[in-house]
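# Close look at the chain arrangement
Chain by chain, the residues:
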Amino acid sequence: QVQLVESGGGLVQAGGSLRLSCAASGRTFSTYGMGWFRQAPGKEREFVAVISSTGSRSNYVDSVKGRFTISRDNAKNTVSLQMNSLQPEDTAVYYCAASLIGWTLTRGMYNYWGQGTQVTVSS
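Let me begin by describing the structure that accompanies this report. (Residues numbered from 1 in each chain as written. Predicted model: local features only at pLDDT ≥ 70, side-chain atom pairs only at ≥ 80, totals over all residues. Heavy atoms only, no water.)

Moving on, we come to the pairing of strand 4 (residues 33-39). Within strand 4, 6 of the 7 residues are buried, which leaves the element mostly enclosed by the surrounding structure. By the bridge criterion, 7 bridges tie strand 4 to strand 9 (residues 92-99) in an arrangement that is antiparallel. From the neighbouring strand, Arg38 faces strand 9, where its bridge partner is Tyr94. As paired strands, strand 4 and strand 5 (residues 46-51) are joined by 5 bridges and run antiparallel to one another. Across the sheet, residue Trp36 finds its bridge partner in strand 5, namely Ala49. (Buried < 20%, exposed > 50% of the residue type's maximum accessible area, 1.4 Å probe, protein only. Helix = DSSP H or I, 4+ residues; strand = E, 2+ residues; numbered from the N terminus. Pairing = 2+ DSSP bridges.)

In the structure shown here, the tally under the stated rule is 1 disulfide. Residue pairing for Cys22: its cysteine sulfur links by disulfide to Cys96, the two sulfurs lying 1.9 Å apart. Measuring handedness by torsion sign, the sulfur bridge of Cys22 and Cys96 sits at about 40 degrees and is right-handed. Residue Cys22 is located in strand 3 (residues 18-24), and its partner Cys96 is located in strand 9; the two are separated by 74 residues in the primary sequence. As far as burial versus exposure is concerned, Cys22 and Cys96 are alike and both buried. (Disulfide = S-S within 2.5 Å.)

On to the sheet that holds strand 8 (residues 78-83), then. Sheet architecture is open: 4 strands sit in the order 1-3-8-7, paired in antiparallel fashion. Looking at strand neighbours, the two that pair on one side only are strand 1 (4-7) and strand 7 (68-73), the edges of this open sheet. Sheet twist, expressed as the mean angle between neighbouring strand axes with direction ignored, is 15 degrees. Sheet analysis places strand 7 next to strand 8, joined by 6 bridges and oriented antiparallel. Its bridge partner being in strand 8, Phe68 is matched across the sheet by Met83. (Axes fitted to C-alpha atoms, helices over the stretch in contact; angles between N-to-C directions.)

The next point concerns the packing of aromatic side chains. For the coordinates displayed, the defined rule picks out 6 aromatic pairs. For the ring pair Phe37 and Phe47, a centre distance of 5.9 Å and an interplane angle of 75 degrees mean the geometry is edge-to-face. Of this pair, Phe37 sits in strand 4 while Phe47 is found in strand 5, placing the two residues 10 residues apart along the sequence. Three or more aromatic residues link up through ring pairs in this structure, and these residues are Phe37, Phe47, Tyr95, Tyr110 and Trp113. The ring centre of Tyr95 lies 3.6 Å from the NZ or CZ of Arg45, which sits over that ring. (Phe/Tyr/Trp six-rings, centres within 6.5 Å; stacked < 30°, edge-to-face > 60°. Lys NZ or Arg CZ within 6 Å of the ring centre and 35° of its normal.)

Note that all results are geometric; they support no functional claim without further evidence.
Laid out in C-alpha cells, this is it:
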C-alpha cells in the first residue's frame, strides 16, 4: 500500500511558476513509476508527466513540454513537478500517482493516487 500526499498548489499569475511536491509512504517507492495528472472542471483527468522508477526517463504531454519538469528523490520518497511559464489553461487539480508497472502514460495503469492539489492560473 502506498499513500500519496500532494502539496504546493495555489494561485499564480500567467507566466509565473509553481512547484508541486508529492510525498509517498512505504518502503517500495523506488520501484514505482510516478506520474502527474490533472483534471480541469468539466474535463477528464489527463496525463501530464511521468518519471521512471530510477528517474532516468521522463515524458510529458506536448502542451507542457519545455515548461514543466518532473523529478524524484527516492531517498526522500518524493516526486516533484516544477511548472514554469504557467498559463490559464494549466488551471486544474493536479494529482500524483504511482504505478506498479513502473512506466506508463495510461491513467488506468496507475494503482495509487493522491487527493490532488489545486492550481489556478489567472490571466
